[in-house]
Amino acid sequence: MTATIKLGELAEFLGATLHGSPEKEITGLATLQEAGPAQLSFLANPQYRKYLVDSRAAAVLLKAADAEGFAGDALVVADPYLAYAKVSHMFDPKPKAAGGIHPSAMIADDAQVDPAASIGAFAVIESGARIAAGVTVGAHCFIGARCEIGADGWLAPRVTLYHDVRIGQRVVIQSGAVIGGEGFGFANAKGVWHKIAQVGGVLIGDDVEIGVNTAVDRGALADTVIGNGVKLDNQIQIAHNVQIGDHTAMAACVGISGSTRIGKHCMLAGGVGLVGHIDICDNVFITGMTMVTHSITEPGAYSSGTAMQPAAEWRKSAARLRQLDDMARRLKQLEKRVGEVTPGGNASSEG
Amino acid sequence: MTATIKLGELAEFLGATLHGSPEKEITGLATLQEAGPAQLSFLANPQYRKYLVDSRAAAVLLKAADAEGFAGDALVVADPYLAYAKVSHMFDPKPKAAGGIHPSAMIADDAQVDPAASIGAFAVIESGARIAAGVTVGAHCFIGARCEIGADGWLAPRVTLYHDVRIGQRVVIQSGAVIGGEGFGFANAKGVWHKIAQVGGVLIGDDVEIGVNTAVDRGALADTVIGNGVKLDNQIQIAHNVQIGDHTAMAACVGISGSTRIGKHCMLAGGVGLVGHIDICDNVFITGMTMVTHSITEPGAYSSGTAMQPAAEWRKSAARLRQLDDMARRLKQLEKRVGEVTPGGNASSEG
Amino acid sequence: MTATIKLGELAEFLGATLHGSPEKEITGLATLQEAGPAQLSFLANPQYRKYLVDSRAAAVLLKAADAEGFAGDALVVADPYLAYAKVSHMFDPKPKAAGGIHPSAMIADDAQVDPAASIGAFAVIESGARIAAGVTVGAHCFIGARCEIGADGWLAPRVTLYHDVRIGQRVVIQSGAVIGGEGFGFANAKGVWHKIAQVGGVLIGDDVEIGVNTAVDRGALADTVIGNGVKLDNQIQIAHNVQIGDHTAMAACVGISGSTRIGKHCMLAGGVGLVGHIDICDNVFITGMTMVTHSITEPGAYSSGTAMQPAAEWRKSAARLRQLDDMARRLKQLEKRVGEVTPGGNASSEG
């Protein structure tokens, strides 16, 4: 269940400078405060430097500057957090799926499943689908007609791909995610909604991660597109024909409305919502629960919402906010009157 | 995989006036900008009129006014968007489910499945359930005891209906949706929550659509009710005993708290939240991410929230907002003082 | 499908004082307004007292004060809502799962399933998992390696537990919930995200309820922890290493970011969002859709957001809000000028 790896092996794997015994055995990972004498830890955030000296960790991933004067064992690396990311997979207790096709899985005759793929119990793979080598399809997954999953992908149990979803290499999809659902397309005639068939598909790049219960709708006409290296957290909604640029990351509960395009290397914090048909340029950071109602053309950080207050104070603020337009007009009027009766009075600065 | 339909056939199907050759073959749909020489397009939004003249589309669905002076082939109709909705289904690559009951499905002895229904692999249909003609139940669906699904419904793979969910005709439910879950009912006694059994069911009208991973809870006592023609997008939460009027539409990530009633022909944009036990009248439009804390008795558009700003400016606004009550009082005081020293000073307009 | 229970039996079960015939037969529950002559009702909220006199209910759960002068049959109890909660389970039409392991379920050889547990169709139980007596595992559930489910738990159809999820006694998990998904852990190096294995698990106490499509991520290093008696509604996101104190309740669509700790007996209304790495003390109430960006150290109620307005008025408020910092400065300047020209002028009260 848990791996045992020697410190020297870890140093070699990471290209790290080792301070300490290469024979010391590491059996797991933990924070500086919680690590026991067989666990590796790391110091990435300077806030936690105070915990370094008393840590019981077997060894610590450190920058050279932090390693100076540290008496314990250390693996000195340029980027301790990245090093931690790399070694974390060595200690992952996640079970490795059995190879081959589980006898209970239903595979269409003309689906192509590479012999080096793993298909779990009760999985359904429909006509014309293609599953590459090294792919794990978890139990209860549904892979629709003509879907393609590139090499070394990992689908948790219970992932749904509708038809015509094409996925690149090394893509991870968590349980409950649904890719290719029929987007919200309706034409209203005399108050009644008429469904529009969603004839596009979904195109997902390499090294993408899609979180638990996240939904990515298929395109109405052309495809919905998720770029390379995009990371989507849990409970996210991606509507039809959204395009997401490479290496953009979104935290949980984000909602992106139809046909909106998001650039590369953007970060959307939790609960952000974007209206449809807008463009977000590269390198934009949007803080949590922000409502984005128009395009963003300049990189930078953006926010909306109000700061939390005790509820009694908040009720006053919220009531006053509805008077704000009135207050602004009264302020301007007052400035004018005061300007008329005082020397050197200047006009309102209001635009 | 793709249909080929002659322009003349489309004209006849739509009752459209054809400008061009009835023999021209159409193989798909696309936007004006992206359409190739075998694809049909449409002009519904005047913003896209500029793309009409250069479109390579085989033909375009147009209003009579837009068709005047258009040199290309056209299908002239009263409502191009509605016409597009209608023909879209002809070009839908969605696979049609095989008829009959998949041998792996588990059907209770006393469940009634019409011979003209389709039940997918690993579906489970419990005691007393009734599935009408023309219904598709996707793979991995669970249909609880005594559920009823009316004619021509379509359930994507992996939809859960708890017991006693009654669904009308032509209802579409996307993957991951859960209908009839046990709502959040607890009685608090001395700080400990005691579960209240949710003994009601769910009643869903005709022509309803329910999106990916949307949840509709069963009633606590009476049923939760979704009217005819209601369209619910993805990731929506409908709590116990909510009632939604006919032809109301909700975009993704909306949350409706318990026992709230929403009228007919309402539209809720993405991320809207409603508290419980309120009434929303007919023909209300609520903009994205609005928090609705009281009943709405007049048709119209409603909003809450703040506009997005660069984060540095937003921090100032958010800080000032907490001072707003103080500012309002100071403004009033200032008006009083200025009124006392200037002629014709009138009192504050503040209520 | 429906139970029939005599009023005398209910009085005995509840320890209630009976006004009326112990032989009267009760077949269900309903509100005061909707109850028929064989249904039991209750009066908990004083707002509904007006419906008592005309209620057709067979009997009503009442406090002693409300029972005085009530002519109908009554069960007099100290807490009618709690009494309703207790008797509600007697009238619950939820089907009871068949005992034993469904023949289609896939159980690993070394998994331990108590003979008094019920395992549904197509369920998958992986290596080393332990299912205690009285547990129901619904159809299509996936129970990962080494998971433990304590006595008398109830998992709806289609619940996913990843590996190493430990669950206490009497825990209820609704359909679509995913426990133990891989949290959003990535190290960014030169703009590219590198996945961090999530090596922790999830620890869930006794008497917990987890709603439809709710996600609880596994810990990055140590476990994510849900205390005893915690109630989570639908569509909630609990990120890695969150800790939730005993008897805290969250309404639907709440999102909690990584490593945040929430105290005991807190209540989070619908749509609330919390940033990561903060602490919320015991007995905190957070109103709907509030954005919580820092720790809370005092019990009480907290809010953010703005009140709903008609959209036209809201647009003015939202525009003015962006001018608020400017307005505040102008107000202060005006106070200074007025103070200079009027007698007894005092300085701004602004901090």
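Residues numbered from 1 in each chain as written. Chains lettered and ligands numbered in written order. Predicted model: local features only at pLDDT ≥ 70, side-chain atom pairs only at ≥ 80, totals over all residues. Heavy atoms only, no water.

Per an unreviewed UniProt entry, chain A carries the name UDP-3-O-acylglucosamine N-acyltransferase and comes from Pseudomonas quebecensis. You can read under Pathway (unreviewed entry) in the UniProt record for chain A the words "Bacterial outer membrane biogenesis; LPS lipid A biosynthesis." We quote the UniProt Catalytic activity (unreviewed entry) comment for chain A here in full: "a UDP-3-O-[(3R)-3-hydroxyacyl]-alpha-D-glucosamine + a (3R)-hydroxyacyl-[ACP] = a UDP-2-N,3-O-bis[(3R)-3-hydroxyacyl]-alpha-D-glucosamine + holo-[ACP] + H(+)". (UniProt positions renumbered as here; feature names shortened; annotations may be inferred.)

(A) Summary view of the overall build of chain A. A tally of regular secondary structure across chain A gives five helices and 40 strands. Taking 20 Å as the expected radius of gyration for a compact globule of 351 residues, we find that chain A reaches 27 Å, considerably beyond that expectation. Viewed in the frame of its principal axes, chain A has a C-alpha envelope of about 85 × 70 × 35 Å. For chain A, the proportion of contacts with a sequence separation of at least 24, taken over those separated by at least 6, is 18%. (Helix = DSSP H or I, 4+ residues; strand = E, 2+ residues; numbered from the N terminus. Rg over C-alpha atoms; globule rule 2.2 N^0.38 Å. Contact = heavy atoms within 4.5 Å.)

(B) Spatial organisation of the side chain of B:Asp233. Tracing the backbone shows B:Asp233 in the loop between strand 28 (231-232) and strand 29 (237-238). We note that B:Asp233 is buried and unpaired, the nearest opposite charge coming from A:Lys195 at a distance of 9.4 Å. Among the polar contacts listed, one links the side chain of B:Asp233 to the backbone nitrogen of B:Ala252, at a separation of 3.2 Å. Every residue in contact with B:Asp233, bar those within four places of it in the chain, is listed here: A:Phe184, A:Asp217, A:Gln237, B:Gly211, B:Thr214, B:Met250, B:Ala251 and B:Ala252. (Buried < 20%, exposed > 50% of the residue type's maximum accessible area, 1.4 Å probe, protein only. Lys, Arg positive; Asp, Glu negative; His and termini not counted. Salt bridge = Lys/Arg side-chain N within 4 Å of Asp/Glu carboxyl O. Polar contact = N/O pair within 3.5 Å; in protein donor to acceptor, adjacent residues only side chain to side chain.)

(C) Region of the structure containing the interface of chain B and chain A. Contact with chain B, which involves 81 residues of that partner, is made by 78 residues of chain A. Carbon and sulfur atoms make up 64% of the surface buried where chain B meets chain A, a total of about 6400 Å² over both sides. A per-residue breakdown of the area chain B buries against chain A is headed by B:Arg158, B:Met289 and B:Met308, which together make up 11% of the total. Put simply, chain B and chain A have four salt bridges between them. When the shortest N-O distance is used, the salt bridge between A:Arg320 and B:Asp325 registers 2.7 Å. Where chain B packs against chain A, one counts 29 residue pairs in polar contact (both at pLDDT 80 or more). Where the side of chain B that touches chain A is concerned, the elements lending two or more residues are helix 3 (80-88), strand 28, strand 31 (249-250), strand 40 (309-310), helix 4 (311-321) and helix 5 (324-341) of chain B. (Buried area = accessible area lost by both parts, 1.4 Å probe.)

(D) Geometry of the sheet that holds strand 37 (residues 284-286) of chain B. Pairing is mixed across the open sheet formed by twelve strands, whose spatial order is 8(B)-11(B)-14(B)-17(B)-20(B)-25(B)-28(B)-31(B)-34(B)-37(B)-39(B)-40(C). Sheet topology places strand 8 (100-101) of chain B together with strand 40 (309-310) of chain C at the edges, where each strand pairs with a single neighbour. (Pairing = 2+ DSSP bridges.)

(E) How the structure looks around the layout of surface pockets. Put simply, the second largest pocket is a space of about 1200 Å³. Lining the second largest pocket are 50 residues; nearest its centre among them are B:Lys94, B:Pro95, B:Ala97, B:Thr136 and B:Trp154. Of all elements in the fold, only strand 23 (192-195) of chain A together with helix 3, strand 11 (118-119), strand 14 (136-137) and strand 17 (154-155) of chain B reach the threshold of two or more residues within the lining of the second largest pocket. Per-element accounting of the lining of the second largest pocket gives the leading share, four residues, to strand 23 of chain A. Of the residues belonging to the lining of the second largest pocket, the class tally is 23 nonpolar, 15 polar and twelve charged. (1 Å grid on protein atoms, 1.4 Å probe; cavity = no way out; pocket = protein on both sides within 12 Å on 5 of 7 lines; lining within 4 Å. Points joined across faces, edges and corners; volume = space filled by probe spheres on them. Nonpolar A, V, L, I, M, F, W, Y, C, P; charged D, E, K, R; others polar.)

(F) A look at the pattern of salt bridges. Applying the stated criterion across every chain yields a total of 45 salt bridges over all chains. A salt bridge links A:Glu182 to B:Lys94; the shortest N-O distance between them is 2.5 Å. Of this pair, A:Glu182 sits in the loop between strand 21 (178-181) and strand 22 (186-189) while B:Lys94 sits in the loop between helix 3 and strand 8, placing the two residues on different chains. On the basis of relative accessible area, A:Glu182 is assigned to the buried category, the value being 5%. The exposure class assigned to B:Lys94 is partly exposed, which follows from its relative accessible area of 25%. Across the salt bridge formed by C:Lys6 and C:Glu23, the nearest N and O atoms sit 3.1 Å from each other.

(G) Up close: the relation of the copies chain A and chain C. Of the transformation placing chain A onto chain C, the axial shift is 0.0 Å and the rotation is 120 degrees, giving an RMSD of 0.1 Å. Such a turn and shift between the copies fits a three-fold axis. When C-alpha positions in chain A are compared against the rotation axis, the closest is assigned to A:Gly305, at 3.4 Å. (Least-squares fit on C-alpha atoms with pLDDT ≥ 70 in both.)

(H) Just helix 1 (residues 7-14) of chain B, in detail. All names here are of chain B. For helix 1, the complete set of buried residues consists of Leu7, Leu10, Ala11 and Leu14. All buried residues of helix 1 fall inside an arc of 100 degrees around its axis, so they share one side. Remark: Gly15 follows helix 1 within two positions and exhibits a positive phi of approximately 65 degrees. (Arc of directions from axis to C-beta.)

(I) Up close: the interface of chain A and chain C. If you look at the interface, chain A gives 81 residues, while chain C gives 78 residues. For the pair chain A and chain C, the summed buried area comes to about 6500 Å², and 65% of that belongs to carbon and sulfur atoms. C:Lys195 is paired through a salt bridge with A:Glu209; the nearest N and O atoms lie 2.8 Å apart. In this assembly, chain A and chain C are joined by 28 residue pairs in polar contact (both at pLDDT 80 or more). Counting only elements with at least two residues in the side of chain A that touches chain C, the list comes to helix 3 (80-88), strand 28 (231-232), strand 31 (249-250), strand 40 (309-310), helix 4 (311-321) and helix 5 (324-341) of chain A.

(J) The UniProt feature "active site" (unreviewed entry) in chain A, seen in detail. Residue and element names in this part refer to chain A. Per the UniProt entry, the sites bearing "active site" (unreviewed entry) are His240 in this numbering. His240 gets classed as buried once you look at its relative accessible area, which sits at 14%. Excluding anything up to four places from it in sequence, His240 contacts Gly183, Phe184, Gly185, Gln198, Asp217, Arg218, Gly219, Ala220, Thr224, Gly258 and Ser259. Within polar-contact distance, the side chain of His240 engages the side chain of Gln198 at 2.7 Å.

(K) Here's a closer look at the sheet that holds strand 2 (residues 17-19) of chain C. Residues and elements named next belong to chain C. Within the open sheet, the five strands sit side by side as 2-7-6-5-4. Their pairing is mixed. In this open sheet, the two strands that pair with only one neighbour each are strand 2 and strand 4 (28-29). Inspection of the sheet shows strand 4 paired to strand 5 (residues 39-42) by two bridges, in the parallel sense. Looking at the pairing, Leu29 lines up with Leu40 of strand 5. Across the sheet, helix 1 (residues 7-14) is in contact with strand 2, strand 5, strand 6 (59-62) and strand 7 (74-76); its angle to strand 7 comes to roughly 10 degrees. Relative to strand 6, helix 3 (residues 80-88) is tilted by about 125 degrees, and along the sheet it contacts strand 4, strand 5 and strand 6. (Axes fitted to C-alpha atoms, helices over the stretch in contact; angles between N-to-C directions.)

(L) Representation of the pairing of strand 6 (residues 59-62) of chain A within the structure. All names here are of chain A. Of the two faces of strand 6, the one carrying Ala59 and Leu61 and the one carrying Val60 and Leu62 are both buried. Note that strand 5 (residues 39-42) and strand 6 share three bridges and pair parallel. In the strand pairing of strand 6, Ser41 is matched with Val60. Pairing between strand 6 and strand 7 (residues 74-76): three bridges, direction parallel. Looking at strand 7, one finds that Leu62 is bridged to Val76.

(M) Region of the structure containing the packing of aromatic side chains. In this structure the tally under the stated criterion is 21 aromatic pairs over all chains. With a centroid separation of 5.0 Å and 75 degrees between ring planes, the pair formed by C:Phe184 and C:Phe186 is classed as edge-to-face. Through successive ring pairs, a cluster of aromatic residues spans A:Phe42, A:Tyr81 and A:Tyr84. Over the ring of A:Trp154 we find A:Lys94; its NZ or CZ atom is 3.5 Å from the centre of that ring. (Phe/Tyr/Trp six-rings, centres within 6.5 Å; stacked < 30°, edge-to-face > 60°. Lys NZ or Arg CZ within 6 Å of the ring centre and 35° of its normal.)

(N) Local environment of the state of the cysteines. All names here are of chain A. Under the defined criterion, the tally for this structure stands at zero disulfides over all chains. The closest cysteine sulfur to the non-disulfide-bonded Cys147 is located on Cys141, 11 Å from its own sulfur. Cys281 provides the cysteine sulfur closest to Cys266, a residue in no disulfide bond, and the two sulfurs are 6.6 Å apart. (Disulfide = S-S within 2.5 Å.)

(O) Broad picture of the packing of helix 4 of chain A against helix 5 of chain B. The contact between helix 4 of chain A and helix 5 of chain B brings their axes to 8 Å, and the two run at 55 degrees. The pairing of helix 4 of chain A with helix 5 of chain B is recorded here as oblique in orientation. Residue-level contacts link A:Lys316, A:Ser317, A:Arg320 and A:Leu321 of helix 4 of chain A to B:Leu324, B:Asp325, B:Ala328 and B:Arg329 of helix 5 of chain B. Taken together, the residues of the contact of helix 4 of chain A with helix 5 of chain B break down into three nonpolar, one polar and four charged. (Parallel < 35°, antiparallel > 145°, perpendicular 65-115°, else oblique.)

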